[in-house]
Each structure stands twice: as C-alpha cells, then as structure tokens.
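Below are the chains, spelled out letter by letter.
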Amino acid sequence: MRHARRRMVRRATRWAAVGGLLLGGAMVTQAAMASEPARTSAVPFGASAADPGGALVATLGASRTAGNWVDAEGRPVVAVTDERAAAEVRRAGAVAKVVSHSMNEFEQAVKALRAAPRVPGTAWVMDYRANRVVVRGDSTVSAADWSRMTRVAEGLGGFVRAERAGGTFTTRLNGAQPILSTGGRCSAGFNVTDGKADFILTAGHCGPKGSVWFANSQGTQQLGTTVQQDFPGSDFSLVRYASGEAGAGAEVVAIGGGNGVRITGVADPTVGQRVFRSGSTSGLHDGQVTGLNATVNYPEGTVTGLIETNVCAEPGDSGGPMFSEGVALGVTSGGSGDCAAGGTTFFQPVTAAMAALKVRMIVAAGAAGQSAAPSAEPSATATHSAIASGAASPGSSAPSTGAAGGPSPLARLTDPRNVGPGLLVIGGSLIALVATRYFRSEQDRKAYQRHYSATWG
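Residues numbered from 1 in each chain as written. Predicted model: local features only at pLDDT ≥ 70, side-chain atom pairs only at ≥ 80, totals over all residues. Heavy atoms only, no water.

Rules: UniProt positions are given in the numbering used here, feature names are shortened, and annotations may be inferred rather than shown by experiment.
In the nomenclature of an unreviewed UniProt entry, the chain corresponds to S1 family peptidase from the organism Streptomyces hintoniae. UniProt, in the comment section headed Sequence similarities (unreviewed entry), describes the chain in these words: "Belongs to the peptidase S1 family."

Given below as structure tokens:
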C-alpha cells in the first residue's frame, strides 16, 4: 500500500512538472508577443485622398481642360478652354480659369519634343498655371544643341517656351536613411510589401538588379538585394530585405534628429501642393509641386512622367521620400541646384512605381483603407489636394528607428523584462522533474541492494 502511494505521488509530481513546463512556455510566448510592436498595415497604390480638380479634368476631357492645381488659399483650380466648361467647374465648387491652349495641344507638343534628337541636360514640363510647356536646358547643353532645341520649341507654337536652367540635371545619390553598396551610396525611400516579403522602394538609378545593400560602410549589416529596377524610362527599384521583413517602424520615414513621420497613405500630388522631402545630405526641406508629367534627359538616359518641384536637394538625397500630411507621393530622382541657392528637383511618383511593381505601401496600423484621411490623426483641412500651400505639414510625428528592422524574436524571447515570470515557472518545473527522477533512481538503487542482500546472504 505504501509503495502504491509513493508511485502515485511520483506520477502526480511528474505530471505537475510537465504542466509547469507547458504553462511557462505559454507565458514566455505571450510575453514575447506582447512586447512586439503593433503590426503595420498595407494599402494599395490607389488609396489616396480625393482630388476634386482632377476629377473635373477627367469628366470634362483633354480637349476642354489644361490641368488643375491648388492656389495659395487651398482652393482647387481647373484650367478650361470655354465658358460652358468654366460654369461646370464653378458649380462643382472649384475655381475656373479660362485659357487658350488645351491638354491635347500640350500632349502633341510633348510628343514632338520626344521625337526630336535627344539632348542630355534638357527637360520639359507642362506648366498648367501659365498654360504653356516649358523646355529647359542646363549648363552642360552646348550653344549649338540649345539653338536646335529652341528652334524645335518655337516651331510648336507660342505656348512652348524655351529657357536656360542653372546648374546641371543629374541623378542624386543617397537619401533619408543611407543604404550603401559597392556601386555607391543611396537612400531608402518607403517600405512596401507584396504580401509575402517586404521591400524598400527607392530610385532606379541607385543600382542595377542584383546590387547588395548594407546599412553601414563596413559592410557588416546587410539590408537586402535589388530584385527589380526600371531606369531609364522610369526611375524606381525594389530592394528585398535580407530577412524578408522591414521590422518595427516600417511605416516611418526619417526626417533627421532621431525624428520621423508616419506614412498613412499614397496619392498623386497636385500642382501647387506643399510637399516635404527628406534626405541624408540636406535633411528635411519643403516646397511646392510646380509641374507634372515632366521629362528629363539625364546623361544616363531619358526619364518621363516625373513630378517637378522647387524643393531643394543635393548630391546624397536621391531615392529619399517625398510626402505631405503623412501621404507618400514620390522618391527623389534628380535635379539641379542646391539648398543654398535653390533649384529644381524631380521625383518618381510612387503610384506609378507601385502599380508596375505590384506592391502595396506599408502604413501606420489602422490607416489602411482611409482614402479620405491623409494623416494618422485626420487633418482639420478637407483633403490633401485642397490644403493651402502654407498650411500643410509633413504628417504625424514618430521616432525614427533606423534602416534596419526592430528586435528579433530571439531578442524578445531572451529579454528578462518580458519573460521573467514564465522563465521562473519553467525553471521550477525542470527542478521538480530532475528531483523526481533522482529520488526514483535512489529508491531503485536501495531496492536492488535489499534484493541482492536477501539473495546472497
């Protein structure tokens, strides 16, 4: 009877120890999961704020309109070619400006410019507010080449204007969070995902497919590899994270001083909109969108469909993010000038890049699907496309965590602040199992000794 009770006690002790191990493991796992930052969401490239001016242009058509923009008071303005169209614009609550030349004429002029012999150092853009197409030539364009370009422009009509630009139109390496490869230094733009892995969306001229990127100049912190690139033609590329995940803070873009801005959506900008650009060389700067569908003839090749701005940039800022009110707009492509004298900077629209790459933007948790809210905390103004140029802000603030991801699962599991109680339960259970096994072995040894003594006298 006594032996039966002992067996029952030992059995109960073993089962209690096993239960303790399971409980402790569950506590450790729960603590580690609780310490992990909230997962961000992802939105497709089409999740943007409403654009009343763009909607009116689409409704009225290219033969009756010539673009839209936002004026200094934040009102949407639509350029129209007749009074009937102007009346429709006013009924919709926007400002109408009657102009002489339509979008169809602009597009025909741009088509002719593209067909002309390519001259590196030239660019052209549709200036909606001035109702003209502006052709620019930088300091590298020879007098003979510029004379030929000027004759082409003049032959297209009085609404095409040729003017010299200061500086040189060049692609600009680097950006908000520096990433480095054997080919040079570039910048992380925005974090995106295809649902299976996370990527960095940056400029295409930063490096060809297969480029390996690091977070430090020593080459010891590998970030990822370029898996897709489009340059020239467009200017975007996709860098796949080596770990497959962007990690904590994936929805934040750095703006310097350990600070960042949460990204809550994606949109196309409007002419006249106030925008912000972040870069590792020159930091955070702001300006206005001055033109859309710009074409730039870089020395490396021609890039079309760019956003033209008067935001300054310098060598070292390429690939960096452009945004407004927390809404992602573009990645830095190139330009001229610097942040001492000013200049022109061009950006690759993120909407076009994401559509071509079939990826979605990683945004702040809860922001996915908020097509009418341009920031994590909705702005008091109506939409991002109807914000007075001086009233816009970069977006809601957040700490910048660096280019690499957050703590690994192993680091969270071994953090005593998170898993201490669970580890104590596991430790106690292991001690109980070892003790039970020891007492069982000792009892078996003594029983054997007694049996041996009784058998051999």
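Considerations on the sheet that holds strand S3 (residues 76–80)
The criterion, for reference: Here, strands pair whenever DSSP counts at least two bridges between them. What counts as a helix is a DSSP run of H or I of at least four residues, what counts as a strand is a run of E of at least two, and both are numbered from the N terminus. To obtain an axis, a line is fitted to C-alpha atoms, over the contacting stretch when the element is a helix, and the angle between two such axes runs from 0 to 180 degrees between their N-to-C directions. Contacts were defined at the residue level, with two residues in contact if any of their heavy atoms lie within 4.5 Å.
Read across the sheet, three strands follow the order S2-S3-S4 without closing on themselves; strand pairing throughout is mixed. In this open sheet, the two edge strands, each paired with only one partner strand, are strand S2 (65–70) and strand S4 (95–98). Along the sheet, successive strands turn relative to each other by an average axial angle of 20°, direction set aside. Relative to S3, S2 runs antiparallel, the two being bridged by four bridges. Note on S3: the bridge partner recorded for Thr65 is Val80. Seen against the sheet, helix H3 (residues 83–91) touches S3 and S4 and runs at an angle of roughly 165° to S4.

Some remarks on the packing of aromatic side chains
Rules: Aromatic pairing here means that ring centres of Phe, Tyr or Trp (its six-membered ring) are within 6.5 Å. Orientation follows from the plane angle: under 30 degrees is stacked, over 60 is edge-to-face, and everything else is tilted. Relative accessibility under 20% of the residue-type maximum defines a buried residue, over 50% an exposed one, and the middle range a partly exposed one, all with a 1.4 Å probe and only protein chains included.
For the structure on display, the rule yields two aromatic pairs. Plain terms: the ring middles of Phe169 and Phe346 are 5.8 Å apart, the flat faces sit at 70° to each other, and that makes the pair edge-to-face. With Phe169 in the loop between strand S7 (160–164) and strand S8 (170–171) and Phe346 in strand S24 (residues 345–349), the pair connects residues that are 177 residues apart, well separated along the chain. For Phe169, a relative accessible area of 1% gives the class buried. A relative accessible area of 1% places Phe346 in the buried class.

Quick word on the nonpolar core
Test applied: Definition of nonpolar core: a set of buried residues of the types Ala, Val, Leu, Ile, Met, Phe, Trp, Tyr and Cys, connected through side-chain atoms within 4.5 Å.
By size, the foremost hydrophobic cluster in this structure holds 33 residues, and its most contacted members are Phe106, Tyr128, Val133, Val135, Met149 and Val160. Among the elements of the structure, S2, S3, helix H4 (103–115), strand S5 (122–127), strand S6 (132–137), helix H5 (143–154), strand S20 (283–298) and strand S23 (327–335) are those that each provide at least two residues to this core. When residues in this core are grouped by element, the largest group, five residues, is from H4. In this structure Tyr128 touches Ala66, Gly67, Asn68, Trp69, Met103, Phe106, Val271, Leu292 and Asn293, once residues within four positions along its chain are discounted.

Overview of the state of the cysteines
A covalent bond between the sulfur atoms of two cysteines is what we call a disulfide. The criterion, for reference: Two cysteine sulfurs form a disulfide in these notes if their separation is within 2.5 Å.
With the rule as written, the count across this model stands at one disulfide. What pairs with Cys312 in a disulfide is Cys339, and their sulfur atoms sit 2.0 Å apart. Taking the sign of the S-S torsion, about 90° here, the bridge from Cys312 to Cys339 comes out right-handed. Taken together, the residues Cys312 in the loop between strand S21 (301–309) and strand S22 (321–324) and Cys339 in the loop between S23 and S24 connect sequence positions 27 residues apart. Residue classification places Cys339 among the partly exposed residues on the basis of a relative accessible area of 25%.

Notes on the environment of Tyr241
If you trace the backbone, Tyr241 turns up in strand S15 (residues 236–241). Classification of Tyr241 as buried rests on a relative accessible area of 5%. Separated by 42 residues in sequence, Tyr241 and Phe199 place their C-alpha atoms 5.6 Å apart.

Notes on unusual backbone geometry
In this structure, the amide linkage connecting Phe231 to the following residue, Pro232, adopts the cis form with an omega of -10°. Looking at where Pro232 falls in the secondary structure, it is placed in the loop between strand S14 (222–230) and S15. Unlike most non-glycine residues, Asn131 shows phi in positive territory, near 55°. Its location among the elements puts Asn131 in the loop between S5 and S6.

What about H3?
Short version of the rule: The reported arc concerns the directions from the helix axis to the C-beta atoms and nothing else.
Within H3, the full set of buried residues consists of Ala85, Ala86 and Val89. The arc that holds every buried residue of H3, seen down its axis, measures 100°, which confines them to one face. Pointing more than 90 degrees away from the buried face of H3 are the exposed residues Glu83, Arg84 and Arg91. As for H3, its buried residues are in contact with helix H2 (52–60), S3 and S4. A positive backbone phi angle near 90° is found at Gly93, which sits one or two residues after H3.

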